[in-house]
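Single-letter residue listing:
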Amino acid sequence: MAAEQGYTELMWDKIYINAALATMDGDAPYGLIEHGALGIENGIICFAGAMASLPDQPGGLACEVIDLEGDLITPGLIDCHTHLIFGGNRAGEFEARLLGKSYEEIARAGGGIVSTVRATRDASEDSLVETALQRLDAFIGEGVTTIEIKSGYGLTVADELKMLRAAKRLERERFIRVQTTLLAAHAVPPEFTGNADGYIDLVCNEILPAAAAEGLADAVDGFCEGIGFSPAQIERVFTVAQDLGLPVKLHAEQLSDLGGARLVAKHRGLSADHLEYLSPEDALALAEAGTVAVMLPGAFYYLRETKLPPIAALRAAGVEMAVATDCNPGTSPMTSLLLAMNMCCTLFQMTPEEALAGVTRNGARALGLTDCGVLKPGLRADLAIWDTQHPSSLAYHIGHNLLKMRDFSDAR
């Protein structure tokens, strides 16, 4: 049995016993093992199974034995879509929307993304790190061990790279894994007003190559909307990104159906995000491409959207669905991934199991990660431990954090 489970003759570093394991792997709901144990060696899971299957007594297997007395272990949570690095805030726009202005009206009047661009350009890298850490600590406090952070508020070579460097620095400040995404194709900057194609030239010819040369981006994203960029413009960005060896993803069908989901599926992208206006037919394209659909209920709620993403069509097509906060200053200033889970259940009619899969297994897939997101021997021991015995509790509560502790492997 020891060889089959991948054990060595050495003692493990630690073992959690008497735990409920939501492995998010296998055929059982949640991959749940009610009387389970989880062993760790050098930041890697070496056992995740029933207590009865342990090859020896816990004290004979590990240097440290931790009895959880029935508490729940899940994979560390993964937020696969955030805009955590930014300058300023847009509380005034929030008030304007409540007084009747639409998101599009605010954006076209010089607000929206462009207002955050001005504040982010004015901010130093150090100040961007300092303010982002306050938000990041809220995620860590809810069991997040991996987070994606996009650029997209700089829109010049220097400012986009500044944002990505700030995001990378967060890994040195906290025990968390950061995946960075270059979102230079987020908005047309003021100096390119009326010349979106000229700005896309800058993105393709200068910003993308510079980010790739410094190793600052793990993926490339774009905003495919009437107030953003056309599918043809985004395809130019995708082509250059993939030539540079970077995977792609896309903000698609949030405000209208421009065929962005079909485009990212064509390029075998990691994810298509938002998708309120996705057609059922395009759900099939995502399934065929293996592209993850990322649900972002914070923006749906914050913008008082009424068009629901086609969850039933995605489910029927077999599309994997992830869940994320879309933490950003304008349309989803939310730092609670647990709340995003609840909102996906209450607003989008996802199940609690789908919501938890969305912030673990499928969140990892949306980032192209294969070493986390499930509790399985050989994967990173990025764990969240909760004061509950059943994983449905995580999506059930509103504003009540059940986290007892994280266990972060730091296996970088």
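Definitions and limits used
- Residues numbered from 1 in each chain as written.
- Predicted model: local features only at pLDDT ≥ 70, side-chain atom pairs only at ≥ 80, totals over all residues.
- Heavy atoms only, no water.
- pLDDT = per-residue confidence, 0-100.
- Helix = DSSP H or I, 4+ residues; strand = E, 2+ residues; numbered from the N terminus.
- Axes fitted to C-alpha atoms, helices over the stretch in contact; angles between N-to-C directions.
- Parallel < 35°, antiparallel > 145°, perpendicular 65-115°, else oblique.
- Left-handed = near helix turned anticlockwise from the far one by under 90°.
- Contact = heavy atoms within 4.5 Å.
- Nonpolar A, V, L, I, M, F, W, Y, C, P; charged D, E, K, R; others polar.
- Salt bridge = Lys/Arg side-chain N within 4 Å of Asp/Glu carboxyl O.
- Buried < 20%, exposed > 50% of the residue type's maximum accessible area, 1.4 Å probe, protein only.
- Core = buried A, V, L, I, M, F, W, Y, C linked by side-chain atoms within 4.5 Å.
- 1 Å grid on protein atoms, 1.4 Å probe; cavity = no way out; pocket = protein on both sides within 12 Å on 5 of 7 lines; lining within 4 Å.
- Points joined across faces, edges and corners; volume = space filled by probe spheres on them.
- Polar contact = N/O pair within 3.5 Å; in protein donor to acceptor, adjacent residues only side chain to side chain.
- Disulfide = S-S within 2.5 Å.
- Expected span 1.5 Å × (residues − 1).
- Bend = angle between axes of the 7 residues up to and from the residue.

1. Details of the confidence of the model for the protein
Per-residue confidence for the protein gives a mean pLDDT of 95, with 97% of residues at or over 70. At the low end of the mean pLDDT range in the protein sits helix 1 (residues 2-5), at 40; at the high end sits strand 6 (residues 77-79), at 99.

2. Description of the packing of helix 5 (residues 125-140) against helix 6 (residues 157-173)
Close contact between helix 5 and helix 6 brings their axes to 9 Å; oriented N to C, the two are set at 50°. Viewed along their axes, helix 5 and helix 6 adopt a mutual orientation that is oblique. Considering the relative orientation of helix 5 and helix 6, their crossing is right-handed. Facing helix 5, whose interface residues are Glu125, Asp126, Leu128, Val129, Ala132, Leu133 and Leu136, helix 6 presents Lys162, Arg165, Ala166, Arg169, Leu170 and Glu173. Taken together, the residues of the contact of helix 5 with helix 6 sort by class into seven nonpolar, no polar and six charged.

3. Focus: the pattern of salt bridges
Under the criterion given, the structure shown has 20 salt bridges. Taking the shortest distance from any N to any O, the salt bridge between glutamate 125 and arginine 169 comes out at 3.1 Å. Note that glutamate 125 is positioned in helix 5 and arginine 169 in helix 6, a separation of 44 residues in sequence. The class of arginine 169 is buried, set by a relative accessible area of 18%. Residue aspartate 221 is joined to lysine 150 by a salt bridge in which the shortest nitrogen-to-oxygen separation is 2.8 Å. With a gap of 71 residues between them, aspartate 221 in strand 9 (residues 219-224) and lysine 150 in strand 7 (residues 144-150) connect regions that are remote in the sequence. We classify aspartate 221 as buried; its relative accessible area is 0%. Taken together, the shared-partner salt bridges connect Glu148, Lys150, Asp221 and Lys249 into one network.

4. Considering the nonpolar core
Counting 106 residues, the largest nonpolar core has Leu170 and Leu286 as the members making the most contacts within it. Residue contributions to this core peak at 10 residues, all from helix 7 (residues 196-213). Other than its neighbours up to four places away in sequence, leucine 286 contacts Ala261, Val264, Ala265, Ala272, Leu275, Leu278, Thr291, Leu314 and Val319. Counting residues in hydrophobic clusters, the runner-up holds 13 residues, among them Tyr16, Leu21, Leu38 and Leu68.

5. Structural notes on the layout of surface pockets
If a probe as big as a water molecule is rolled over the atoms, it shows which places are left empty. There is about 410 Å³ of room inside the largest pocket. As for the largest pocket, its lining consists of 21 residues, and the residues nearest its centre are Ala107, Arg108, Val114, Val188 and Ile227. Going through the elements one at a time, helix 3 (103-108) and helix 4 (113-122) are the ones with two or more residues in the lining of the largest pocket. In terms of residue class, the lining of the largest pocket is built from 12 nonpolar, eight polar and one charged. By volume, the second largest pocket amounts to about 250 Å³. Along its surface, the second largest pocket is lined by 14 residues, and Arg97, Tyr302, Leu303, Arg304 and Glu305 are the ones closest to its centre.

6. Re the side chain of histidine 251
Along the chain, histidine 251 falls in strand 10 (residues 249-252). Here histidine 81 takes part through its side chain, which lies 3.3 Å from a polar atom of the side chain of histidine 251. Not counting residues up to four positions away in its chain, the partners in contact with histidine 251 are His81, His83, Lys150, Leu183, Asp221, Gly222, Phe223, Cys224, Asp273 and His274.

7. Some details on empty space enclosed by the protein
Tallying each qualifying case throughout the model produces one cavity of 30 Å³ or more. Of the pockets and cavities examined, the largest cavity occupies roughly 130 Å³. Lining the largest cavity are 13 residues, and of these Tyr103, Ile113, His186, Asn328 and Thr331 lie nearest its centre. Looking at the lining of the largest cavity residue by residue, the classes come out as four nonpolar, seven polar and two charged.

8. Looking at the state of the cysteines
All chains considered together, the criterion is met by zero disulfides. Not engaged in a disulfide, the cysteine cysteine 344 finds its nearest cysteine sulfur in cysteine 345; these two sulfurs lie 7.0 Å apart.

9. What about the side chain of glutamate 354?
Examined against the element boundaries, glutamate 354 turns out to sit in helix 14 (residues 352-358). Judged by its relative accessible area of 17%, glutamate 354 falls in the buried class.

10. A short note on the environment of alanine 283
Residue position: alanine 283 is located in helix 10 (residues 280-289). The exposure class of alanine 283 is buried, given its relative accessible area of 0%. Separated by 10 residues in the primary sequence, alanine 283 and alanine 293 have C-alpha atoms spaced 8.7 Å apart. The contact partners of alanine 283, leaving out residues within four places of it in the chain, are Leu278, Ala313, Leu314, Ala317 and Val319.

11. Notes on helix 6
For helix 6, built from 17 residues, the straight-helix expectation of 24 Å at 1.5 Å per residue is met to within 8% by its first-to-last C-alpha distance of 25 Å. The inward-facing, buried residues of helix 6 abut helix 4, helix 5, strand 7, strand 8 (177-185) and helix 7.

12. Points about helix 5
Helical periodicity: at 3.6 residues per turn, an α-helix aligns residues three or four positions apart in one direction. For helix 5, built from 16 residues, the straight-helix expectation of 22 Å at 1.5 Å per residue is met to within 8% by its first-to-last C-alpha distance of 22 Å. In helix 5, a bend of some 30° at leucine 133 exceeds every other bend along the element. In this fold, the buried residues of helix 5 make contact with strand 6, helix 4, strand 7, helix 6 and strand 15 (403-407).

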